[in-house]
Amino acid sequence: MVSVSVDEAMRRAIELAARGLGTTSPNPVVGCVLLDEDGQVVGEGFHAYAGGPHAEIVALAQAGRRAKGGTAVVTLEPCDHTGRTGPCSSALVQAGVGRVVIAVPDPNPVASGGAATLRAAGVRVDLGVRGEEAEAGNVAWLTSMRRGWPYVIWKYAATLDGRSAADDGTSMWITSEAARIDVHALRGTVDAVLAGVGTVLADDPRLTARNLRDGSLAIRQPLRVVVDSSGRTPADARVRDGAARTWIATADEVGAGPDGRVDLPALLAALHQRGVRAVLLEGGPRLAGAFLAAGLVDKIVGYVAPRLLGAGPTALVDAGVTTIAEAIDLEFVDVTQIGPDLRITALPRKREG
């Protein structure tokens, strides 16, 4: 067998962690690679689902006695508490691991402390290897845990001139089937899909994650959330069809902001309490504008079709911008062609002051 460096092992651990996206919440995605004393890979693991064995436990089970004196390379600080599973820090100590390399410290006060426990037991601990890369792969969970509300992704579909529908209101379909398949894959990675009552009344969406080729539902469905200040969601709306859990979030239940509508920070805090770590905001344009105006959007995923309409509703309304100096500046992080359409991923730049 060929020895690998700690850096190479961490890169592999990050790849393993990504396999848990969409199935581990409210837990993080974590990957682990175990090297023996000669630097050879003797165990690999990732956290596959909430309540299941953690990445370190899977890797230790593969390694067996070969873990003794070896190095555990893990994307997130090993947990130090007993929940549905035992503490990974103790498992590593008991296995006789001599060194643990951690990409990112755990910000969760309930589970953190693994590094200290390992050091107290005489295990060498190194932090920060490929930390930026590991952080990016776990950004929703880390962001949510650090600030107490979910990571918010605003997704929209529009023509090249920014229209989300034609002048007569027709909008099916702005983008191609390939783009819509990609959207359903994106839904499968989040804990909640959120839309305003206006979108529900106009389009009656299902807001489920599906395989568009055969119409089947994904095994894991995100929570469907309708932001409905005054409770106007019809009893026969498709979001109430039982295909997935649904929460009609009203101002009476969540709390109202100064405008009398659902208070958005309170809504996000309530979702965090429900175990939601990542939210996909899907509509409509006014709700998206309110989220952007409040600085509550973390990432934007736009599907842009090679079409022009020249008139009709726009994908975004009233984001609190009245002059060019107030424009919400973005940083493009990815542009990918999906079928005939472009998928543009961007991050809002933080405003100074």
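On a predicted model such as this, the values are computed, not experimentally measured, just so you know.

Reading the values: the criteria
- Residues numbered from 1 in each chain as written.
- Predicted model: local features only at pLDDT ≥ 70, side-chain atom pairs only at ≥ 80, totals over all residues.
- Heavy atoms only, no water.
- Salt bridge = Lys/Arg side-chain N within 4 Å of Asp/Glu carboxyl O.
- Helix = DSSP H or I, 4+ residues; strand = E, 2+ residues; numbered from the N terminus.
- Buried < 20%, exposed > 50% of the residue type's maximum accessible area, 1.4 Å probe, protein only.
- Pairing = 2+ DSSP bridges.
- Axes fitted to C-alpha atoms, helices over the stretch in contact; angles between N-to-C directions.
- Contact = heavy atoms within 4.5 Å.
- Core = buried A, V, L, I, M, F, W, Y, C linked by side-chain atoms within 4.5 Å.
- Domains from an automatic or database assignment.
- Buried area = accessible area lost by both parts, 1.4 Å probe.
- Nonpolar A, V, L, I, M, F, W, Y, C, P; charged D, E, K, R; others polar.

### Observations regarding the pattern of salt bridges
Here the structure, examined in full by the defined rule, presents 16 salt bridges. The closest approach of N and O atoms between Arg130 and Asp7, which form a salt bridge, is 3.0 Å. Of the two residues, Arg130 is situated in the loop between strand 5 (124-127) and helix 5 (131-137) and Asp7 in helix 1 (residues 6-17); the sequence distance between them amounts to 123 residues. Looking at Asp7, the relative accessible area reads 36%, which means it is partly exposed.

### Quick word on the sheet that holds strand 2 (residues 41-46)
The pairing of strands in a sheet happens through backbone hydrogen bonds and is either parallel or antiparallel. Strand order in the open sheet made by the 5 strands is 2-1-3-4-5, with mixed pairing throughout. In this open sheet, the two edge strands, each paired with only one partner strand, are strand 2 and strand 5. Between one strand axis and the next, the sheet turns by 15 degrees as a mean value, whatever way the strands run. The sheet contact formed by strand 3 (residues 71-76) and strand 4 (residues 99-104) spans 5 bridges and is parallel. Across the sheet, residue Leu76 finds its bridge partner in strand 4, namely Val104. Set on the sheet, helix 1 makes contact with strand 1 (31-35), strand 2, strand 3 and strand 4; between it and strand 1 the angle comes to about 145 degrees. Contacting strand 1, strand 2 and strand 3, helix 2 (residues 55-63) runs over the sheet at an angle of about 150 degrees to strand 2.

### Digging into the environment of Val110
Along the chain, Val110 turns up in the loop between strand 4 and helix 4 (114-120). For Val110, a relative accessible area of 55% corresponds to the exposed category. Once the C-alpha coordinates of Val110 and Ala61 are considered, the two residues, 49 residues apart in sequence, prove to be 25 Å apart.

### Comments concerning the nonpolar core
Met10, Leu34, Leu60, Val73, Leu92, Val97 and Val100 are the most contacted members of the largest nonpolar core, which totals 37 residues. Taken together, the elements giving at least two residues each to this core come down to helix 1, strand 1, helix 2, strand 3, helix 3 (88-94), strand 4, helix 4 and helix 6 (139-147). With 6 residues, the top contributor of residues to this core is helix 1. With residues up to four places along the chain from it excluded, the contact list for Leu92 reads Glu56, Leu60, Ala72, Pro78, Val97, Val100 and Leu118.

### Structural notes on the domain arrangement of the protein chain
Taken domain by domain, the protein chain holds domain 1 (6-138) and domain 2 (148-348). On a C-alpha basis, the centroid separation for the pair domain 1 and domain 2 is 34 Å. Contact with domain 1, which involves 4 residues of that partner, is made by 6 residues of domain 2. Both faces combined, the contact of domain 1 with domain 2 buries some 400 Å², and carbon together with sulfur accounts for 48% of it. A per-residue breakdown of the area domain 1 buries against domain 2 is headed by Gly22, Ser25 and Pro26, which together make up 85% of the total. Run the count over domain 1 and domain 2 and you get 0 salt bridges. When the residues that make up the side of domain 1 that touches domain 2 are grouped by side-chain class, the tally is 1 nonpolar, 3 polar and no charged.

### Some remarks on the sheet that holds strand 7 (residues 192-196)
Strand order in the open sheet made by the 8 strands is 9-8-7-10-6-11-13-12, with mixed pairing throughout. The open sheet has two edge strands with one neighbour each: strand 9 (246-249) and strand 12 (330-338). Taking each pair of neighbouring strands and ignoring which way they run, the sheet shows an average axis angle of 20 degrees. Sheet topology note: the strand 6 (residues 151-159)/strand 10 (residues 278-283) ladder contains 4 bridges and is parallel. Bridge pairing in strand 10 places Val152 opposite Val279. Sheet contacts for helix 7 (residues 177-187): strand 6, strand 7, strand 10, strand 11 (299-305), strand 12 and strand 13 (341-348); angle to strand 11, the most-contacted strand, approximately 165 degrees.

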